[in-house]
Every structure is written in structure tokens, then in C-alpha cells.
Amino acid sequence: MSVKKILEELATNAKSQIEFEQAPEAFLSARGLTAEEIELISGGQNPEAAHPSTSTSWNNTVNDVYTNTVNDVYNNTDNRVFEAN
Amino acid sequence: MRWLSHARYRGFTLTEVTASKGSLTIVGLGIKYMSHLTAETRTWIESADQVYYVAVEPFSADLIGELNAASTPFPNYLKGEPRGKTYQLWTKLLVDDVKQGKHVCAAFYGHPGMYVDTSYQALEQLRNEGYTVRMLPAISAESCLFADFGEDLSAEGFCSYEACQILYEERIWDLTTNLIVWQIGSVGVGDENIHSVDKSALQSLCHLLIERYGEQHQVFIYEAAQFATQKPRIDATTLAELVDFPMSAKSTLVVPRKEHAKRRMQQN
């Protein structure tokens, strides 16, 4: 299952969200993610791993993993960054 | 996903089902991917003749494309120019399309009515010329903060300012209420380089806050979770250490009223 599909499952299924919160790694690996992908998407709020607005790692690593996983190229590869609102 | 099956308004766009002239609907995507998209926002995205959007991550862009094929991101920030020029460009896109008779949807991350110049520029221009403009409520970073912080920041009143308003506009606020400072990580950055912190502006802001609260006053850097797999970031520091504290353009600063800071730290 792709990262995108997993995020959509978590967004629309409270039971899945509970299952994820109780055992995140088991939840993700059961859906076929690699260790690297699991670390990236369950890594909480590490600014260097999770936040496109702070780090180049979003574009260099996270974005690659996400887009490769969903097998869909994101058009805006131009370091879009935005403030909270 | 089940709710995606509702997409595309039974195969008709709004222009096909209404005879009215063009209109603009301004919506927000919220902060957390998919989770914060409201039912009414979804239907306006699905039904528009043209959708322009700003998304902070690729999934939201994909999702909007799934909901409505006639969607395109707003042009990127103009390099080396004040961000205001980009916002004017975005406004022109919206206004021109509406004047061509299209029902346009403009989608912004977060809340479309909070710190989004384009929303109000387009709203004013089009309403002055007799067009219909709707703005829908959405989940903002502040909404997330109130949900995540663990205590009611509004219980004793609170003040909320964008960081530049405090730094450049000599604001006076009530120190006995909680203070929320938006976009502290990009204070002083006026062009497209939002990811680069302006240390000198941040230093000035910190000095200003230290004058009022003292160096050891506890404050919090907050960042809402962007995905369902993440937790929000709520990190404590002091005003003395704030200038070197990790933060991003997504960071919001919470300055508890003086008597309040210690109590929260003890709870943690």
C-alpha cells in the first residue's frame, strides 16, 4: 500500500488511527512500507525530517520517498514553502 | 476512498448547471492532509469550472486533481520580488477567470481568510463589480493549536498577532493574557525565501518580548501535524534561548501570560 493510501486510510478511518497510535511500526509494516519509509512518516515532528518549510530534506528525501511510493510525480518540485495560516 | 466517489458533481460543472455569471469561492484545505477537508470545501472544489490551489505537500495537489481535473497550482513565488507581487498575480488570475464567466474555486492551505492577501484582494475587487464571492471557513493553524495545547488558551483571554505586526507596528497587548505569535520563523522575510530565518529580525522580536516578560519566561514553539502519522510539535524554551531555537515558517509562538508559564511546565 502506498504512503498516500495509508494517509488516506488514517484520515478517514478512526479504527485505523487507533491501531496506528497503539503500534505505529506494526501498522505501517503490515501495509508494506520499508524501514526508511516508516521512519519518515512516523517520525513525528522532527524538523529535519518532516517539515518541508525548514529543510531541504523534504525535497531530497521525503518527497522522493513519497512520490516514488505513490508513483506519481509532483509537478511542483520548486521548493514551495509556506507559512502557517 | 468512498467519499471520492462523489467527485465531479454528477458529471456537470457549475457553469453547465447555472446560468449566472462567474463567481469565486475561496476555500481552505486545513493543515492535516485530507483529514481537514470539509464536506462543503470538497463539493466546491469538485464543482468549479476552474480550481487554483496552493498546497504544501504533493498529496493535497494530487487530491485536488482527483476531485477536479480543471485544477492548477497558483504560479510559484516571483524570485527576488516582495511576496505581495506574487499575491497580486494570483488575484489577477482569479479575477480574470471570474470575469470570463467561470465559477472559480481558490484553495489555500490552512484557513483562506487568515493571512492570505489574495483572498481579500480578489474578494474586494469582484464584490465591487457585482460578482458573487464566497469564503468558506477552514481549519487553521490556530484551530490546531487550541486542540493540541492541552489547556484553554482563551480561558483568560488571548492576543493573536502575526510576528511582523509586533516587530514593526509597535503593538501593545495585555500581558495578563496569553499571546499567540504567528509565523515567527519567517519574521522579517519579505520575499520568496520563507525557509530562511532572518536572524536579525528574530533577535529584535526576542528583545522586544524579553523587555516585557523577562529572559527566563517560558514560551512554546508549536507546529501542527501535517499528516495523520505525525504528532504536533510543542517544544518549550525560554525567551533568552528563543533566537537559536529550531523553528520553521510553520512555527507559531505561544507566550503564556506571566503567571501561567510555570504551571504548564510542571504539568509536563
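Everything numeric in this text was worked out from a predicted model, so none of it was measured.

Q: Any chance you could break down the overall build of chain A for me, citing the residues and the numbers?
A: Along its length, chain A carries six helices and zero strands. N-terminal to C-terminal, the α/β element order of chain A is α-α-α-α-α-α. By residue count, 51% of the 85 residues in chain A fall in the buried class. On chain A, roughly 4000 Å² of surface is accessible, and the fraction owed to carbon and sulfur atoms is 46%.

Q: Any chance you could break down the packing of helix 1 (residues 3-12) of chain A against helix 2 (residues 14-22) of chain A for me, citing the residues and the numbers?
A: Residues and elements named next belong to chain A. Viewed as axis vectors pointing N to C, helix 1 and helix 2 meet at an angle of 110°, and their least axial separation amounts to 5 Å. If you check the angle between helix 1 and helix 2, you find them roughly perpendicular. Within the contact between the two elements, helix 1 uses Glu 9, Leu 10 and Thr 12 and helix 2 uses Ala 14, Ser 16, Gln 17 and Phe 20. Of the residues that constitute the contact of helix 1 with helix 2, the class distribution is three nonpolar, three polar and one charged.

Q: Go over the side chain of Ser140(B) with me, naming the residues and quoting the values.
A: Looking at the secondary structure, you find Ser140(B) in the loop between strand 5 (132-135) and helix 6 (141-148). A distance of 3.2 Å separates the side chain of Ser140(B) from the backbone nitrogen of Glu142(B), its partner in a polar contact.

Q: Tell me about the confidence of the model for chain A, and name the residues and values.
A: Interpreting fine coordinate detail is not advised for predicted regions of low pLDDT. Residues and elements named next belong to chain A. With 46% of its residues at a pLDDT of at least 70, chain A reaches an overall mean of 62. For chain A, helix 5 (residues 47-50) is the element with the lowest average pLDDT, namely 34, and helix 2 is the one with the highest, namely 94. This model gives residues 44-81 a pLDDT under 50, and the stretch forms 88 contacts once residues within four places in sequence are excluded.

Q: Which residues make up the packing of helix 1 of chain A against helix 3 (residues 58-67) of chain B, and what values do they have?
A: Packed helices, taken two at a time, are described by the angle between their axes plus the distance between the axes. It is at 11 Å that the axes of helix 1 of chain A and helix 3 of chain B come closest, and there the two elements cross at 80°. One element, helix 1 of chain A, and the other, helix 3 of chain B, form an angle in the roughly perpendicular class. From helix 1 of chain A, Val3(A), Lys4(A) and Leu7(A) reach across to helix 3 of chain B, where they touch Phe59(B), Asp62(B) and Glu66(B). Partitioned by chemical class, the residues of the contact of helix 1 of chain A with helix 3 of chain B number three nonpolar, no polar and three charged.

Q: Explain the side chain of Ser248(B) to me, and be specific about the residues and the numbers.
A: Within the fold, Ser248(B) resides in the loop between helix 9 (239-242) and strand 10 (252-255). We classify Ser248(B) as buried; its relative accessible area is 2%.

Q: Tell me about the sheet that holds strand 5 of chain B, residues and numbers included.
A: Residue and element names in this part refer to chain B. Spatially, 3-2-4-1-5 is the arrangement adopted by the five strands of the open sheet, whose pairing is parallel. Edge positions in the sheet fall to strand 3 (71-73) and strand 5, since each of these pairs with one other strand and no more. Strand-to-strand twist of the sheet, defined as the mean angle between neighbouring strand axes without regard to direction, takes the value 15°. Inspection of the sheet shows strand 1 (residues 23-28) paired to strand 4 (residues 103-108) by six bridges, in the parallel sense. Paired with Leu 24 across the two strands is Val 104, which belongs to strand 4. Running over the sheet, helix 2 (residues 39-47) touches strand 1, strand 2 (50-53), strand 4 and strand 5 and is turned about 135° from strand 1. Strand contacts of helix 5 (residues 117-128): strand 1, strand 4 and strand 5, with the helix running at about 155° to strand 5, the strand carrying the most contacts.

Q: Let's hear about helix 5 of chain B: which residues, and what values?
A: Residue and element names in this part refer to chain B. Here helix 5 spans 17 Å end to end across 12 residues, near enough to the 16 Å set by a 1.5 Å rise per residue. Among the residues of helix 5, Thr 118, Ser 119, Ala 122, Leu 123 and Leu 126 are the ones counted as buried. Along the axis of helix 5, the buried positions cluster into a sector of 125°, meaning they face one direction only. Looking at helix 5, the residues exposed on the side facing more than 90 degrees away from the buried face are Glu 124 and Asn 128. Close packing links the buried residues of helix 5 with strand 1, helix 4 (83-99), strand 4 and strand 5. At the exit of helix 5 stands Gly 130, carrying a positive phi of roughly 90°.

Q: Residues and numbers for the nonpolar core, please.
A: If you look at the biggest cluster of nonpolar residues, it comprises 29 residues, and the most contacted ones within it are Leu28(A), Tyr33(B) and Ile45(B). For this core, the secondary structure elements donating two or more residues are helix 1 and helix 3 (24-29) of chain A together with strand 2, helix 3 and strand 4 of chain B. Counting residues per element, this core draws most heavily on helix 3 of chain B, at five residues. In this structure Tyr33(B) touches Lys4(A), Leu7(A), Glu8(A), Ala11(A), Glu57(B), Phe59(B), Ser60(B), Leu63(B), Gln226(B) and Phe227(B), once residues within four positions along its chain are discounted. Counting 26 residues, the second-largest nonpolar core is a separate cluster that includes Leu167(B), Val187(B), Leu209(B) and Val243(B).

The rules we used
Residues numbered from 1 in each chain as written. Chains lettered and ligands numbered in written order. Predicted model: local features only at pLDDT ≥ 70, side-chain atom pairs only at ≥ 80, totals over all residues. Heavy atoms only, no water. Helix = DSSP H or I, 4+ residues; strand = E, 2+ residues; numbered from the N terminus. Buried < 20%, exposed > 50% of the residue type's maximum accessible area, 1.4 Å probe, protein only. Areas by Shrake-Rupley, 256 points an atom, 1.4 Å probe, with all protein chains shown as cover. Axes fitted to C-alpha atoms, helices over the stretch in contact; angles between N-to-C directions. Parallel < 35°, antiparallel > 145°, perpendicular 65-115°, else oblique. Contact = heavy atoms within 4.5 Å. Nonpolar A, V, L, I, M, F, W, Y, C, P; charged D, E, K, R; others polar. Polar contact = N/O pair within 3.5 Å; in protein donor to acceptor, adjacent residues only side chain to side chain. pLDDT = per-residue confidence, 0-100. Pairing = 2+ DSSP bridges. Expected span 1.5 Å × (residues − 1). Arc of directions from axis to C-beta. Core = buried A, V, L, I, M, F, W, Y, C linked by side-chain atoms within 4.5 Å.

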